[in-house]
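Residue strings, one per chain:
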Amino acid sequence: MRKTIKNAVFILLFLTLSVSTASLAYLHFFASDDRELSGEWTAKIDMTEQAAITAISWLQDIEGVSVSYEEIESYMQELTVRVNLTFEQTERSAGTFQCNISPESYEACNQAAYAAFATVFQELLTERLRMTDYAGSTDKEAIEALVTETFGMSTVSYLMSYGPTLLPSLEDLQAEYDGSGTYEITDGILTRQFEAGGSVATKAEYYIRKDSNLILSGEIDSVSDGLFSDDYPIIYTLRQTSDQ
């Protein structure tokens, strides 16, 4: 009797373990691949390096100015432009998408870049004035007033008008990222077909979906008609903002 009960318990445990193992295997090999991408996602394009390199190149052309890239970069932190990406799954591994640069985010990033650049410019100006035994005040407000008096505009306005273009234009970024079309998922590769003006450009990237994150990286191939280039390579880390 005891042996019979032991065998029954063993069989029950074996069946339970088998079911659990089968469930985990299904979730790993099938369910995870079947998780739809439908929803609104966001990503951030880091513009810090672009802005810092452009700023230092312009400053180095000014006689007597000595500044390092690290100094410029220390002021220009987290300069990012937001990308909005929406997927709508219509089949098990396919659907439609729409992607666009946020103009508001671009404008905020551009303003932040020039505000940081203005701070660097004012500090360099202060240093030059001290070297010439300037007798006036060199605090921030005084330097800003001096710039306004000299150029008829604020430091930020002066740099935006006569300084370098720190960021790619909004139109360039929109040409790079904006668009809509269809997508397919195959063997860990997300292929998006952008439809624009009757032509189609294809962009294929490795992708990983983990919880509320979607990572797109390593563009595999692209057939370019002006929509894609290597000017702004990034690794997307997209966080889902809403589910459908």
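Look up: the structure comes first, before these words.
Treat the numbers as computed from the prediction; the structure is a model and nothing was measured.

Novice: Now, about the nonpolar core: what can you tell me, with residues and values included?
Specialist: With 45 residues, the main nonpolar core has Ile72, Met76 and Phe87 as its most contacted residues. No other element matches helix α4 (residues 103-131), which puts ten residues into this core.

Novice: Give me helix α2 (residues 48-60): which residues, what numbers.
Specialist: Helix length check: α2, at 13 residues, gives a terminal C-alpha distance of 18 Å against a target of 18 Å (1.5 Å per residue), a fit within 8%. Regarding α2, the residues found buried are Thr48, Ala51, Ala52, Thr54, Ala55, Ile56 and Leu59. Each element contacted by the buried residues of α2 is listed here: β1 (39-46), α3 (69-75) and α4.

Novice: Mind laying out unusual backbone geometry, listing which residues take part and the relevant values?
Specialist: Positive phi is not limited to glycine here, since Glu78 has a value of about 55°. If you trace the backbone, Glu78 turns up in the loop between α3 and β2 (80-91). Here the phi dihedral of Asp187 falls at roughly 50°; this positive angle occurs in a residue that is not glycine. With respect to the helices, strands and loops of the structure, Asp187 is situated in the loop between β4 (179-186) and β5 (189-196). Given a relative accessible area of 76%, Asp187 falls into the exposed group.

Rules and cut-offs
Residues numbered from 1 in each chain as written. Predicted model: local features only at pLDDT ≥ 70, side-chain atom pairs only at ≥ 80, totals over all residues. Heavy atoms only, no water. Core = buried A, V, L, I, M, F, W, Y, C linked by side-chain atoms within 4.5 Å. Buried < 20%, exposed > 50% of the residue type's maximum accessible area, 1.4 Å probe, protein only. Helix = DSSP H or I, 4+ residues; strand = E, 2+ residues; numbered from the N terminus. Expected span 1.5 Å × (residues − 1). Contact = heavy atoms within 4.5 Å.

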